[in-house]
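# Descriptive analysis of the structure
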Amino acid sequence: MTALLAPTAAPPGPDAEVEYQPRAIEGDLRGRHIVSVEQFSRPDLDSLCRTAAELRRRTRVGDTSILRLARRKILASLFYEASTRTDMSFQAAMLRMGGEVISTSGGVQFSSVYKGENLADTVRAVGCYADVIVLRHPEVRSSYAAAYHLDQLAARLGTRCVVISAGDGVGEHPSQALLDLFTIVDRLGDTDGLRITFVGDLANGRTVHSLAKLIALYGARGAHLDFVSPGSLRVPASVAAYVAERAPDITMTETDDLEEVLPDTDVIYWTRVQEERFADEAAYEGIADRYVMTPSVLARAKRHAILMHPLPRKHEMGTPADHAILDADPRSVYFHQMQNGMFVRMALVAGVLGAHV
Ligand code: NCD
């Protein structure tokens, strides 16, 4: 007679996934899932920025020792939404550190997702093969669910794979905010006393949500945040409340009038209206052209301001002819953002893998 095997652990309750909270970084990125900027403290941010700057320096001088940082490690790129920069900069980050990258041949539409597999099962499959999963998914908190299921898998198999969020719907985009903060500090030296103006689709723009919270966590003293948007695309109340609670020293203004704030702004953070998030095409058409950055708009900004954009850009930065003029303006730093993104992601990936830079 064969004895029945006793289950090794009681199955988790139905709310366990919903209630999942990521661990704070607390000075050690090793083995951490990265799903929210809320996991980072000022010392964690200082350390990440130092590491990113160091990796940038070593990459530029051709220091080949960085090739051992991710040697024999595998990063899986799992994107359920479109991406150029985030996807490719994570891949490049891994390759520059000597690691390997996998993805489903032909993209996620040719994975078992096409057969109807749910996120929990797909993530656990990938978690069996990779050390790090970079996940972009249209649902808010999808990366939290992925982290939860990877922890369950680790408990079952005894091996560890972590998830780094590459954007969860209209929720957060932590690695973008980290590269944005790095770029602000790199270009302007600090965040103290800065006037930072977010413009555009602040309701759906996940990069704005993460960056506003991150500036609060960074502890910018005497900073001011302007949220400039049409009334229908205002920054979520939860984001403003988070900033107010974390950083009472930071003042905030909401307005639909760019002219009111532009001449005093140090950091102009322009965003795309997230057309793909609109259920109603007419609603999108109604506000798509509300804020357009053109050379004549930039002419009214401070001489030492910086113009940021997470990209991609469409008509919210005018025509290709406008792009050419904006791109040549020394205040435009979106190319720096793109390149810094790779270095910040190298620092993040090295960190979660436990590699010493
Ligand atoms: C952003 C995103 O995906 O949220 N892009 C990016 O990752 N750099 C911004 C956008 O798509 O508008």
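Residues numbered from 1 in each chain as written. Predicted model: local features only at pLDDT ≥ 70, side-chain atom pairs only at ≥ 80, totals over all residues. Heavy atoms only, no water.

### Section: the overall build of the protein
On a plain count of helices and strands, the protein comes out with 12 helices and nine strands. Taken against the 2.2 N^0.38 rule, which gives 21 Å for 357 residues, the C-alpha radius of gyration of the protein at 21 Å falls within 12% of a compact globule. Counting every position in the protein, which comprises 357 residues, the buried fraction comes to 53%. Summed over its atoms, the accessible surface of the protein is roughly 16300 Å², and 53% of this surface lies on carbon and sulfur atoms. (Helix = DSSP H or I, 4+ residues; strand = E, 2+ residues; numbered from the N terminus. Rg over C-alpha atoms; globule rule 2.2 N^0.38 Å. Buried < 20%, exposed > 50% of the residue type's maximum accessible area, 1.4 Å probe, protein only. Areas by Shrake-Rupley, 256 points an atom, 1.4 Å probe, with all protein chains shown as cover.)

### Observations concerning the packing of aromatic side chains
Scanning all chains against the criterion turns up four aromatic pairs. On the basis of an interplanar angle of 10° and a centroid distance of 5.5 Å, the ring pair of Phe198 and Phe227 is categorised as stacked. Of this pair, Phe198 sits in strand 5 (residues 195–199) while Phe227 sits in strand 6 (residues 224–228), placing them 29 residues apart in sequence. Residue classification places Phe227 among the buried positions, given a relative accessible area of 2%. Their ring planes at 50° and their centres at 5.3 Å tell us that Tyr334 and Phe335 sit as a pair that is tilted. Owing to a relative accessible area of 1%, Tyr334 belongs among the buried residues under this scheme. An aromatic cluster of at least three residues, connected via ring pairs, comprises Phe198, Phe227 and Tyr269. Its guanidinium or amino end placed over the ring of Tyr242, Lys213 lies 5.4 Å from that ring's centre, counting from NZ or CZ. (Phe/Tyr/Trp six-rings, centres within 6.5 Å; stacked < 30°, edge-to-face > 60°. Lys NZ or Arg CZ within 6 Å of the ring centre and 35° of its normal.)

### As for the nonpolar core
Side chains of a nonpolar character, in soluble globular proteins, are inclined to be buried together. Within the largest apolar cluster, 69 residues are counted, with the highest numbers of intra-cluster contacts made by Phe198, Leu225 and Ile250. When residues of this core are assigned to their parent elements, the largest contribution, 10 residues, is made by helix 12 (residues 334–353). Beyond its immediate stretch of four places on either side in the chain, Phe198 contacts Val208, Leu211, Ala212, Ile215, Leu225, Asp226, Phe227, Val228 and Tyr269. Counting residues in hydrophobic clusters, the runner-up holds 20 residues, among them Val35, Val126, Tyr144 and Ala147. (Core = buried A, V, L, I, M, F, W, Y, C linked by side-chain atoms within 4.5 Å. Contact = heavy atoms within 4.5 Å.)

### With respect to a negative patch on the surface
Taken together, the side chains of Asp280, Glu281, Glu285 and Asp289 present a region of like negative charge at the surface. Mapped onto the elements, Asp280 comes out in the loop between strand 8 (267–270) and helix 9 (281–287). (Patch = residues over 30% accessible without salt bridge, like charges linked within 9 Å, V, L, I, M, F, W, Y side chains within 5 Å. Salt bridge = Lys/Arg side-chain N within 4 Å of Asp/Glu carboxyl O. Lys, Arg positive; Asp, Glu negative; His and termini not counted. Charge placed at Lys NZ, Arg CZ, Asp CG, Glu CD.)

### Details of a positive patch on the surface
On the surface, Arg68, Arg71, Arg72 and Lys73 cluster together into a positively charged patch. The partly exposed category is assigned to Arg68, whose relative accessible area is 43%.

### Thoughts on the sheet that holds strand 9 (residues 306–308)
Taken in spatial order, the five strands make up an open sheet running 7-6-5-8-9, and their pairing is parallel. For this open sheet the edge positions go to strand 7 (251–255) and strand 9, each flanked by a neighbour on one side alone. Averaged over all pairs of adjacent strands, the angle between strand axes in this sheet comes to 15°, irrespective of strand direction. The sheet contact formed by strand 5 and strand 8 spans four bridges and is parallel. From the neighbouring strand, Thr197 faces strand 8, where its bridge partner is Ile268. Across the sheet, helix 6 (residues 206–218) is in contact with strand 5, strand 6 and strand 8; its angle to strand 5 comes to roughly 165°. (Pairing = 2+ DSSP bridges. Axes fitted to C-alpha atoms, helices over the stretch in contact; angles between N-to-C directions.)

### Overview of the state of the cysteines
Within this structure, the stated rule accounts for zero disulfides. Left without a disulfide partner, Cys128 is nearest to the cysteine sulfur of Cys161, which lies 8.9 Å away. Residue Cys128 is classed as partly exposed on the basis of its relative accessible area, which comes to 45%. (Disulfide = S-S within 2.5 Å.)

### Focus on helix 6
Along an α-helix, a turn takes 3.6 residues, which lines up residues three or four apart on a common side. Over its 13 residues, helix 6 extends 18 Å from the first C-alpha to the last, a length consistent with the 18 Å expected when each residue adds 1.5 Å. Across the 13 residues that make up helix 6, a large majority, 13, are buried. Looking at the residues trailing helix 6, positive phi occurs at Gly219, about 80°. (Expected span 1.5 Å × (residues − 1).)

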